[in-house]
Amino acid sequence: MSTEQGSDDAGRIRDGTGGPALRSETSRLLAFSDGVFAIIITLLVLDLQPPRVARGQLLHALVEQWPAYLAYVTSYLLVAITWLNHRAAFHRVVSSGKGLQWCNLGVLFTTALLPFATSIVSQAVRQGDRADERTGVALYGLAGMLLSASWLGLYHYLTRRHDLVDPAVSRGFFPAERARAAVGILGYGLAVLIGFVTDPLFALTIFLLLPLFYSLTSSGFYELRRLRRPRG
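Here the structure is a predicted model, which means the values were calculated and not measured.

J.: How should the packing of helix H4 (residues 66-90) against helix H5 (residues 98-111) be read in this particular structure?
T.: Each pair of packed helices gets described by two things: the angle between the helix axes and the distance between those axes. Packing of H4 against H5 brings their axes to within 11 Å, and their N-to-C directions diverge by 170 degrees. Comparing the axis directions of H4 and H5 gives the class roughly antiparallel. Judged by residue contacts, Val79, Thr82, His86 and Phe90 of H4 engage Leu100, Asn104, Val107 and Thr111 from H5. Class assignment for the residues of the contact of H4 with H5 results in four nonpolar, four polar and no charged.

J.: Looking at this structure, I do not really get the pattern of salt bridges. What am I missing?
T.: A side chain of one charge can pair with a side chain of the opposite charge if their charged atoms are brought near each other. Following the criterion strictly, the structure yields four salt bridges and no others. Notably, a salt bridge pairs aspartate 34 with arginine 87, separated by 2.7 Å at the nearest N-O pair. Of this pair, aspartate 34 sits in helix H2 (residues 24-45) while arginine 87 sits in helix H4, placing them 53 residues apart in sequence. According to the relative accessible area criterion, aspartate 34 is partly exposed, its value standing at 25%. For arginine 87, a relative accessible area of 22% puts it in the partly exposed group. Between glutamate 133 and arginine 130 there is a salt bridge; the shortest N-O distance is 3.4 Å. Linking glutamate 133 with arginine 130, this pair stays in helix H7 (residues 130-160), spanning three residues, or about one helical turn. Accessibility expressed as a relative area gives 38% for arginine 130, which makes it partly exposed.

J.: What exactly am I supposed to notice about H7 here?
T.: Since the α-helix turns once every 3.6 residues, residues separated by three or four places project in the same direction. Its 31 residues place the ends of H7 45 Å apart at the C-alpha level, agreeing with the 45 Å of an ideal helix rising 1.5 Å per residue. Two to three positions downstream of the cap, the backbone nitrogen of alanine 131 sits 3.2 Å from a side-chain oxygen, assigning the N-cap of H7 to aspartate 129.

J.: Please clarify how the packing of aromatic side chains should be interpreted in this entry.
T.: For any two aromatic rings, the description comes down to two numbers: the centre-to-centre distance and the angle of the planes. Summed over all chains, the structure comprises seven aromatic pairs. Aromatic pair tyrosine 72 and tyrosine 76: ring centres 5.8 Å apart, planes at 45 degrees, arrangement tilted. Of this pair, tyrosine 72 and tyrosine 76 both sit in helix H4, four residues apart, roughly one helical turn. Since its relative accessible area comes to 35%, tyrosine 76 is described here as partly exposed. With a centroid separation of 4.9 Å and 40 degrees between ring planes, the pair formed by tyrosine 140 and phenylalanine 207 is classed as tilted. Of the two residues, tyrosine 140 sits in helix H7 while phenylalanine 207 sits in helix H9 (residues 200-217), which places them 67 residues apart along the sequence. We classify tyrosine 140 as buried; its relative accessible area is 2%. Taking the relative accessible area as the measure of exposure, phenylalanine 207 reaches 2% and is therefore buried.

J.: How do you make sense of the confidence of the model for the protein chain when you look at a structure like this?
T.: As a general rule, the predicted coordinates of low-pLDDT regions are not to be interpreted in detail. Across the protein chain, the average pLDDT comes to 81, with 83% of residues at 70 or higher. Note on residues 1-21: pLDDT under 50 across the span, and 28 contacts to partners over four residues away in sequence or across chains.

J.: In this structure, what is going on with the side chain of glutamate 133? I would like to understand it.
T.: Looking at glutamate 133, the relative accessible area reads 9%, which means it is buried. If near-sequence neighbours (up to four positions away) are discounted, glutamate 133 is found in contact with Ala124, Val125, Gly128 and Pro200.

J.: Would you explain the packing of helix H8 (residues 173-197) against H9 in this entry?
T.: Interhelical geometry of H8 versus H9 gives an angle of 165 degrees and a closest axis separation of 7 Å. One element, H8, and the other, H9, form an angle in the roughly antiparallel class. The chirality of how H8 crosses H9 is right-handed. Across from Arg180, Ala181, Val183, Gly184, Gly187, Tyr188, Ala191, Ile194 and Gly195 in H8, the residues of H9 making contact are Pro200, Phe202, Ala203, Ile206, Phe207, Leu210, Pro211, Phe213, Tyr214 and Thr217. Here the residues of the contact of H8 with H9 are counted per class, giving 14 nonpolar, four polar and one charged.

J.: I keep staring at the nonpolar core and nothing clicks. Help me out?
T.: Within soluble globular proteins, side chains that are nonpolar generally end up buried alongside one another. Of all hydrophobic cores here, the largest spans 44 residues; its most connected members are Phe90, Tyr140, Leu154 and Phe207. Of all the secondary-structure elements, those providing two or more residues to this core are H2, H4, H5, helix H6 (114-127), H7, H8 and H9. Ranked by residue count, the leading element in this core is H7, at eight residues. Setting aside chain neighbours within four positions, we find tyrosine 140 in contact with Thr74, Ser75, Leu78, Leu114, Ala117, Thr118, Val121, Tyr188 and Phe207.

Rules behind the numbers
Residues numbered from 1 in each chain as written. Predicted model: local features only at pLDDT ≥ 70, side-chain atom pairs only at ≥ 80, totals over all residues. Heavy atoms only, no water. Axes fitted to C-alpha atoms, helices over the stretch in contact; angles between N-to-C directions. Helix = DSSP H or I, 4+ residues; strand = E, 2+ residues; numbered from the N terminus. Parallel < 35°, antiparallel > 145°, perpendicular 65-115°, else oblique. Contact = heavy atoms within 4.5 Å. Nonpolar A, V, L, I, M, F, W, Y, C, P; charged D, E, K, R; others polar. Salt bridge = Lys/Arg side-chain N within 4 Å of Asp/Glu carboxyl O. Buried < 20%, exposed > 50% of the residue type's maximum accessible area, 1.4 Å probe, protein only. Expected span 1.5 Å × (residues − 1). Polar contact = N/O pair within 3.5 Å; in protein donor to acceptor, adjacent residues only side chain to side chain. Phe/Tyr/Trp six-rings, centres within 6.5 Å; stacked < 30°, edge-to-face > 60°. pLDDT = per-residue confidence, 0-100. Left-handed = near helix turned anticlockwise from the far one by under 90°. Core = buried A, V, L, I, M, F, W, Y, C linked by side-chain atoms within 4.5 Å.

As structure tokens, then:
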């Protein structure tokens, strides 16, 4: 084995999934991103607080908090599928650089907006004021559009930078993911429009359906299923 090849192998570590080896710099990027996703998940659950009520009113108060539960489930699913897509993307990356790192920071930045947007929309729906509901829906939809746009930027960057991607990866993978990100921008924008024109609850329904769509079409979802299969 040549000295150059040995140095290249030393700079890589296995991802533990049977996939391509990851360079140590890409592995550090993944580790940092995983930590950020863990913090975001933790912040989401902080909005679920026990109600302060008189004796005998706890069940009624818990039921009245259904907007907080719906917002939590919706955002949790969105963060979860974002994490799965993130790992699916970077397990196809064999090298990193400042451009990719900035694209990744953009994804983390927009994902980190979700706890704030989730808290605002759940509070607005609990209070029942239609104007505040529309504002909360618009804020959440904007956060979803920004998140989708950040993914669009990352996928577009990887579509153009073939030198950063494992040669075994199909050339059509990242362009297809880029199209899915564009669907998110349109989907969240449409949800906001419907929430303003009709009932904000319709927008909340679309917000819930979008993560379900991404979970069913996610490469990360299919890779998770592949990993659960027993090896022959």
